[in-house]
Amino acid sequence: GAGVSQTPSNKVTEKGKYVELRCDPISGHTALYWYRQSLGQGPEFLIYFQGTGAADDSGLPNDRFFAVRPEGSVSTLKIQRTERGDSAMYLCASSLDNEQFFGPGTRLTVL
Amino acid sequence: KQEVTQIPAALSVPEGENLVLNCSFTDSAIYNLQWFRQDPGKGLTSLLLIQSSQREQTSGRLNASLDKSSGRSTLYIAASQPGDSATYLCASSGNTPLVFGKGTRLSVIA
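A quick note: this is a predicted structure, and the numbers were derived from the prediction, not measured.

Rules used in this analysis
- Residues numbered from 1 in each chain as written.
- Chains lettered and ligands numbered in written order.
- Predicted model: local features only at pLDDT ≥ 70, side-chain atom pairs only at ≥ 80, totals over all residues.
- Heavy atoms only, no water.
- Helix = DSSP H or I, 4+ residues; strand = E, 2+ residues; numbered from the N terminus.
- Rg over C-alpha atoms; globule rule 2.2 N^0.38 Å.
- Contact = heavy atoms within 4.5 Å.
- Buried area = accessible area lost by both parts, 1.4 Å probe.
- Salt bridge = Lys/Arg side-chain N within 4 Å of Asp/Glu carboxyl O.
- Polar contact = N/O pair within 3.5 Å; in protein donor to acceptor, adjacent residues only side chain to side chain.
- Nonpolar A, V, L, I, M, F, W, Y, C, P; charged D, E, K, R; others polar.

J.: Could you clarify how one ought to interpret the overall build of chain B in this entry?
T.: Tallying secondary structure elements over chain B gives zero helices and 11 strands in all. In chain B, the succession of α and β elements from N to C terminus is β-β-β-β-β-β-β-β-β-β-β. A globule of 110 residues ought to have a C-alpha radius of gyration of about 13 Å, and chain B, at 13 Å, matches this closely. Its C-alpha atoms give chain B principal-axis dimensions of about 40 × 25 × 20 Å.

J.: When you look at the interface of chain A and chain B in this model, what are you seeing that I'm missing?
T.: How large an interface is tends to be reported as the accessible area lost when its parts come together. Residue-level contacts link 18 residues of chain A with 18 residues of chain B. Per-residue buried area on chain A facing chain B is highest for Asn98, Glu99 and Phe102 of chain A; these three make up 33% of the total on that side. The interface formed by chain A and chain B includes zero salt bridges. Counting across the interface, chain A meets chain B through five residue pairs in polar contact (both at pLDDT 80 or more). Sorting the residues of the side of chain A that touches chain B by element identifies strand S4 (31-37), strand S5 (44-50) and strand S9 (88-95) of chain A as the ones contributing at least two each. Among the elements that make up the side of chain A that touches chain B, the one with the highest residue count is S4 of chain A (three residues). Looking at the side of chain A that touches chain B, its residues break down into nine nonpolar, seven polar and two charged.

As structure tokens, this is what we get:
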């Protein structure tokens, strides 16, 4: 079956712009996670959904970051007024029980 | 707050060698320990998941062990191949999502 997919694979934007990153989890997976990975670092947790609700959003760095999962499947990570420091790989993962399965990521570059 | 450390940061070995990658964590109250592989510019591929009640898991040439009391996990790769070259990440989960180490960058030289 299909794995986790993320679109776009690459996104280049200008400082101050708004961006949306999309994640399609594995069908039937109830949990969905967003992580951010900077070069040479491990992924860092941003937000976790169980079903439609955000069970834990403690990793979001500030109020410019927001994520939704309105129907308990696809999720969108939204970043307002992007800054150069937001440049990173954004990874999405889904799980049914304990094991998390990751998508290919979206490489965001803010110029 | 859980902290995960991986040693070494980088490792280069000749093809055919057996090798061990190390992962340590500060809080032993973990649910699972998961090992991943990441190729440059790509997402993460899950290799092995060890649940807290388990001591080890094996998949092909890979064996991962978990010692919660000492806060350590190891990933053993047997008969390494050039295709094993990648960054290997370990991550622990407690009652929060995964906490990752920075990874070990492995190069297997033909």
